[in-house]
Amino acid sequence: MISLLLDCKNAPSDRRGVTLIEIMISFIILCVAAIGAAGIISHGHRETTHDFRRGEALQILVDRMNFLSSLPFKTLNDAIGGTSKKIDSNFKNVSFGKVAVGQNSYEVTAVLKKQPITFNNLMELEFPNKNYVYDKPNTWRFRYKNTRSESFASLTGDYAYAVIKITVDVTPVDGKVVAKEKTYSAITFVCNTE
């Protein structure tokens, strides 16, 4: 037993300490990894802010488009006056122009334009047609109508087929706006059904 203790006492030690250089290299590796992680987190935050602003812009766009398309044709037509009108300030108690939502601001514009539509080549089903079957288009025969063309012309006031084109644009202008910020647009048409 005594000889075993002496052998252990004289045996070389397998334990090795950590040097200062190893600690410094480990610390540098940790710092580089932390800087990379901070960059990823910063980029993610910037993109999240951009996505949030995009969501706000789309909500404003849908809201203004729903508002304008819900108005009667006569109201829109009276607001236009001539052939087109740009709306960039309050319209019927709804905000256009510069609209603030939280810390972000958006430029909201709408254009109302009388859309010229002409049906020059109106056709109608030709009768008598003994092969005609209402649900089989290959049995239909057409002929041109001999009446004048049906049209909407803002100059003549012919409103037989009156259509107004509505275009709404929303652009972020303030807040944390990134380079090459997009303008979000929507287009719809309102027909005179009155």
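Whatever comes next refers back to the structure up there.
Positions within a chain are numbered from 1, following the residues in the order the chain's sequence is written. Totals for whole chains, interfaces and linings use every residue, but because this is a predicted model, local features are given only for residues with pLDDT of at least 70 and side-chain atom pairs only at 80 or more, for both listing and counting. Remark: hydrogens and water are excluded; side-chain values derive from all non-hydrogen atoms of the structure.

### Considerations on the overall build of the chain
Here is step 1: Secondary structure assignment for the chain yields 3 helices and 10 strands.
Here is step 2: Numbered from the N terminus, helices here are DSSP runs of H or I no shorter than four residues, and strands are runs of E no shorter than two. Secondary structure elements of the chain, listed N to C terminal, follow the sequence α-α-α-β-β-β-β-β-β-β-β-β-β.
Here is step 3: Remark: exposure states derive from per-residue accessible area (1.4 Å probe, protein chains only) relative to the maximum for the residue type, with buried under 20%, exposed over 50%, and partly exposed in between. Counting across all 194 residues of the chain, residues that qualify as buried make up 24%.
Here is step 4: Between two residues, a contact is recorded if the distance between any of their heavy atoms is within 4.5 Å. The contacts in the chain between residues at least 6 apart in sequence include a share of 62% that link residues at least 24 apart.
Here is step 5: Each accessible area is a Shrake-Rupley result for a 1.4 Å probe, and residues are judged covered by the shown protein chains and nothing else. Roughly 14000 Å² of accessible area belongs to the chain as shown, and the carbon and sulfur atoms make up 58% of that amount.

### Some thoughts on the nonpolar core
Here is step 1: One finds L68, F96 and I166 to be the most contacted residues of the largest nonpolar core, which totals 27 residues.
Here is step 2: At the level of secondary structure, the elements contributing two or more residues to this core comprise α2 (20-70), α3 (73-80), β3 (104-114), β9 (163-172) and β10 (184-191).
Here is step 3: Considering each element in turn, this core owes the most residues, 6 residues, to α2.
Here is step 4: Beyond its immediate stretch of four places on either side in the chain, L68 contacts L76, I87, F91, F96, A110, I166 and V168. In this text, buried Ala, Val, Leu, Ile, Met, Phe, Trp, Tyr and Cys residues form a nonpolar core when linked through side-chain atoms within 4.5 Å.

### Overview of the packing of aromatic side chains
Here is step 1: A pair of aromatic rings is counted whenever rings of Phe, Tyr or Trp (Trp by its six-membered ring) have centres within 6.5 Å, and the orientation is called stacked for planes under 30 degrees apart, edge-to-face for over 60 and tilted otherwise. Within this structure, the stated rule accounts for 3 aromatic pairs.
Here is step 2: Ring geometry for F67 against F91: centres 6.4 Å apart, planes inclined by 75 degrees, an arrangement best described as edge-to-face. Of this pair, F67 sits in helix α2 while F91 sits in the loop between β1 (84-87) and β2 (97-101), and the two are 24 residues apart along the sequence.
Here is step 3: We classify F67 as buried; its relative accessible area is 17%.
Here is step 4: Between the aromatic rings of F127 and Y132, the centroid separation amounts to 5.1 Å while the plane-to-plane angle is 80 degrees, which identifies the pairing as edge-to-face.

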